[in-house]
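Per-entry structural report
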Amino acid sequence: MLVLFETPAGFALFKVLDEGKLSKVEDLWKEFATSESARQVVKLKAFSKFENTADALSAATLLIDGKPSKGLRKFLRAHCDGETLAVADSKLGNAIKEKLKIDCLHNNAVMELMRGLRNQLTELISGLAVQDLAPMSLGLSHSLSRYKLKFSPDKVDTMIIQAIGLLDDLDKELNTYAMRVREWYGWHFPELAKIIQDNIQYAKAVKLMGSRVNAVNLDFSEILSEEVETELKASAEISMGTEVSDLDLANIRDLCDQVLALSEYRAQLYDYLRSRMNTIAPNLTALVGELVGARLIAHGGSLLNLAKQPGSTVQILGAEKALFRALKTKHATPKYGLIFHASLIGQAAPRFKGKISRSLAAKTALAIRYDALGDSQDNSMGLENRAKLEARLRVLEGRELGRSAGSSKGKPKIEVYDKDRKKGAGALLTAAKTYNPASDLVLGGTTEPSGEQEGAPSKKRKHEDVEPTSAGEAPVREGEDEEKKEKKKKKKKVEVESTKLENDNQVAVAAAEEPEKKKKKKKRKTEAQGSEVENQGQTDVPEADQVPDAKEKKKKKKKHAEKEPEAETQSKKKEEKKKEKKHE
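Please read all numbers here as calculations on a predicted model, not as lab measurements.

Reading the values: the criteria
- Residues numbered from 1 in each chain as written.
- Predicted model: local features only at pLDDT ≥ 70, side-chain atom pairs only at ≥ 80, totals over all residues.
- Heavy atoms only, no water.
- Helix = DSSP H or I, 4+ residues; strand = E, 2+ residues; numbered from the N terminus.
- Buried < 20%, exposed > 50% of the residue type's maximum accessible area, 1.4 Å probe, protein only.
- Contact = heavy atoms within 4.5 Å.
- Disulfide = S-S within 2.5 Å.
- Pairing = 2+ DSSP bridges.
- Axes fitted to C-alpha atoms, helices over the stretch in contact; angles between N-to-C directions.
- Salt bridge = Lys/Arg side-chain N within 4 Å of Asp/Glu carboxyl O.
- Parallel < 35°, antiparallel > 145°, perpendicular 65-115°, else oblique.
- Left-handed = near helix turned anticlockwise from the far one by under 90°.
- Nonpolar A, V, L, I, M, F, W, Y, C, P; charged D, E, K, R; others polar.
- Phe/Tyr/Trp six-rings, centres within 6.5 Å; stacked < 30°, edge-to-face > 60°.
- Lys NZ or Arg CZ within 6 Å of the ring centre and 35° of its normal.
- Polar contact = N/O pair within 3.5 Å; in protein donor to acceptor, adjacent residues only side chain to side chain.
- pLDDT = per-residue confidence, 0-100.

**Side note on the overall build of the protein**
- Looking only at helices and strands, the protein has 25 helices and five strands in total.
- Burial statistics for the protein: of 584 residues in total, 30% are counted as buried.
- If you take every contact in the protein between residues at least 6 apart in sequence, the share linking residues at least 24 apart comes to 64%.

Printed below as a string of structure tokens:
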């Protein structure tokens, strides 16, 4: 039986000399207590050495997955013909049995045998010393852990996250210290704060000057310009600040030293951050710059996590609070987050910042994925995309300029209309007719000669052209208009009543003709009688005439009484309709 044992230097194949000792698992460890007893149990048959670290790493990674490497397969084919192979991993044994047709064994006795071999490894393998085996195992373990964690020393974004965090902290501390220097030294020389605006120059000037009395005799040419220097010296002579002791000035100078030291370290840290960003994310740096790119990586957690985000998330990364507030209150969502500080968005006009931020976020997402998952280390993709974005920004600004100038893409040119033009598609065949205001008709007005109508303004143009000469004329005309309207209404009522009366008269005439016919018939009857009867008939006729006349008068009164309320209701309805039209 053979035993396969893996070492950092290579694969070792041991021959088991006494297989009967493997049956006693509990006493097997005693056989490997010394090197002499171990040589009586096992003996080295063959050894396959790794050529380099990469070969050892590839073989070790395959063994972790339970797969034999190419070199191991060759080694076993050459030395394991017809033998049983003892292995430490059952998964590896199954793979060897399937591919090489070699019987493999894995049990508790084999595991105890492996422990013994590991204890006496340097004694059983000649030429392998302890001092050689330790660095081999350490290097292989480091390489294997890097492979497991997908770790690359050139792509360590953790350093960028720490550097940008420290840079922000330094900015806060520098600002705090500089404000303290200005406030402290302002008791002695308050005018200096308005003369020198930069904090670093202020700290250098205070450190060099000390007391304001020394300002006249000092040279500030290395720190300040000539104009600022002359102003400083002039203000120092007439300053209204209080006197300060030498001990106070010494403490103020020590604080200035701290400010200057922090500023120097910040510049050094910024250079380090820029170099790391150009190494790890060159395309992202070319698009948005070192600081914005580092803040995006820090906010995302890592470059790989940031590569998993879409462009819409990259656009608003850093504005989560505003986003959720807008969603909660149903307002407009933010258009940009950390990406707002990129130089491309700063160059754009306010109306184009949203469009440019959306385009920049899309290109930034592509650049991040290329940096995180690509193999090349150049920034050609980032520079190309930046050129495209700059061209798009110029197109947007040029289009806006064209609209304001009235070019062909913007507002059309306004041409003067010529009524007698007879050229082109929209030409007039005949001259345009002029408008005749004399043809207008005015309702309710008196008929006047045409000459007077032309001179008088029409009612339509009265409100547009004719203006009241005084404030008192307006209410007078309004009263006249109301009187005219009332007269029109009365005339209409009279006309309606007259028509009704005519109809009533016609009905009364028809009713009066009927009794006259009856009278004629009676006269014909009475003519045959005597003169006496005729006299009596003549006296009777007026009585008969009087009776129907009284009845007809009563009928007329009833009809008038019935028709008058009907006329009044009709007139009221007409007035209500007119009022509704006026309100509309």
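**A closer look at the state of the cysteines**
- For the coordinates displayed, the defined rule picks out zero disulfides.
- Note on Cys104: no disulfide assigned, nearest cysteine sulfur contributed by Cys80 at a separation of 8.5 Å.

**Topic: the sheet that holds strand E2 (residues 10-16)**
- Sheet architecture is open: five strands sit in the order E3-E2-E1-E4-E5, paired in mixed fashion. A strand with exactly one partner marks an edge of an open sheet, and here the two such strands are strand E3 (42-49) and strand E5 (104-105).
- In this sheet, strand E4 (residues 85-86) lies alongside strand E1 (residues 2-6) in parallel orientation, the contact comprising two bridges. Opposite Val3, over in E4, you have Ala86 as the bridge partner.
- On the sheet, helix H6 (residues 108-119) packs against E1, E2, E3, E4 and E5 and is oriented at approximately 55° with respect to E1.

**Topic: the environment of Leu296**
- Note that Leu296 resides in helix H15 (residues 290-300).
- Considering only alpha carbons, one finds Leu296 and Leu317, 21 residues apart in sequence, at a separation of 7.4 Å.
- With sequence-adjacent residues up to four places away left out, Leu296 is seen in contact with Leu284, Leu306, Val314, Leu317, Leu338 and Thr364.

**Re the pattern of salt bridges**
- Tallied over the full model, the rule gives 12 salt bridges.
- In this structure, Glu112 engages Arg115 in a salt bridge whose closest nitrogen and oxygen atoms are separated by 2.8 Å. A residue pair is termed a helical-turn pair when its members lie 3 or 4 positions apart in one helix, as Glu112 and Arg115 do in helix H6 at three residues.
- A residue is classified by how much of its surface remains accessible, and Glu112, at 24% relative accessible area, is partly exposed.
- Given a relative accessible area of 47%, Arg115 falls into the partly exposed group.

**Looking at the packing of helix H9 (residues 157-185) against helix H11 (residues 199-209)**
- Two numbers describe how H9 lies on H11: the axes approach to 10 Å, and their chain directions differ by 45°. By the angle class used here, H9 and H11 are oblique. Considering only the axes of H9 and H11, their crossing is left-handed. Across the interface between the two elements, Asn175, Ala178, Met179, Val181, Arg182 and Tyr185 from H9 touch Asn199, Tyr202, Val206 and Met209 from H11.
- When the residues that make up the contact of H9 with H11 are grouped by side-chain class, the tally is seven nonpolar, two polar and one charged.

**A few points about the pairing of E2**
- The buried fraction of E2 amounts to six of the seven residues, a majority that puts the element mostly inside the structure.
- Pairing of E1 with E2 involves five bridges; the strand directions are antiparallel. In the strand pairing of E2, Leu2 is matched with Lys15.
- Taken together, E1 and the strand that follows it, E2, pair antiparallel across an intervening segment of three residues.
- By the bridge criterion, seven bridges tie E2 to E3 in an arrangement that is antiparallel. When the sheet's bridge partners are listed, Gly10 is paired in E3 with Lys49.

**Regarding unusual backbone geometry**
- Positive phi is not limited to glycine here, since Lys101 has a value of about 60°.
- On the accessibility criterion, Lys101 (69% relative accessible area) is exposed.
- With a phi close to 60°, Lys330 is a non-glycine residue in the positive phi region.
- Mapped onto the fold, Lys330 is located in the loop between helix H18 (320-329) and helix H19 (343-347).

**Remarks on the environment of Ala365**
- Of note, Ala365 is situated in helix H20 (residues 353-373).
- Spatially, the C-alpha atom of Ala365 lies 6.7 Å from that of Ala307, the residues being 58 residues apart in sequence.
- Apart from residues no more than four positions distant in its own chain, Ala365 is found in contact with Gln309, Pro310 and Gly311.

**Some thoughts on the packing of helix H4 (residues 70-79) against helix H5 (residues 90-100)**
- Running from N to C, H4 and H5 cross one another at 65°; their axes reach a closest spacing of 12 Å. In terms of orientation, H4 lies roughly perpendicular with respect to H5. Seen from above, H4 lies across H5 with right-handed handedness. In this structure, H4 contributes Arg73, Leu76 and Arg77 to the contact, and H5 contributes Ile96, Lys99 and Leu100.
- Classifying every residue of the contact of H4 with H5 gives three nonpolar, no polar and three charged.

**Examining the packing of aromatic side chains**
- Summed over all chains, the structure comprises two aromatic pairs.
- Their ring planes at 40° and their centres at 4.9 Å tell us that Tyr336 and Phe340 sit as a pair that is tilted.
- Its relative accessible area of 35% is what places Phe340 among the partly exposed residues.
- The residue whose ring lies beneath Arg182 is Tyr202, and the NZ or CZ to ring-centre distance is 4.6 Å.

**Describing the side chain of Ser239**
- If you trace the backbone, Ser239 turns up in the loop between helix H12 (226-237) and helix H13 (246-280).
- By relative accessible area, Ser239 is classed as buried at 14%.
- For Ser239, the side chain forms a polar contact with the side chain of Glu191, separated by 2.8 Å.
- Beyond its immediate chain neighbours, meaning those up to four positions away, Ser239 contacts His188, Phe189, Pro190, Glu191 and Arg212.

**So, the confidence of the model for the protein**
- Looking at the protein, pLDDT values average 78 and 72% of them are 70 or higher.
- The low-confidence segment residues 404-416, where pLDDT is below 50, has four contacts with residues more than four positions distant or belonging to other chains.
- Low pLDDT, under 50, characterises residues 533-548; the predicted model gives this stretch four contacts beyond four residues in sequence or across chains.

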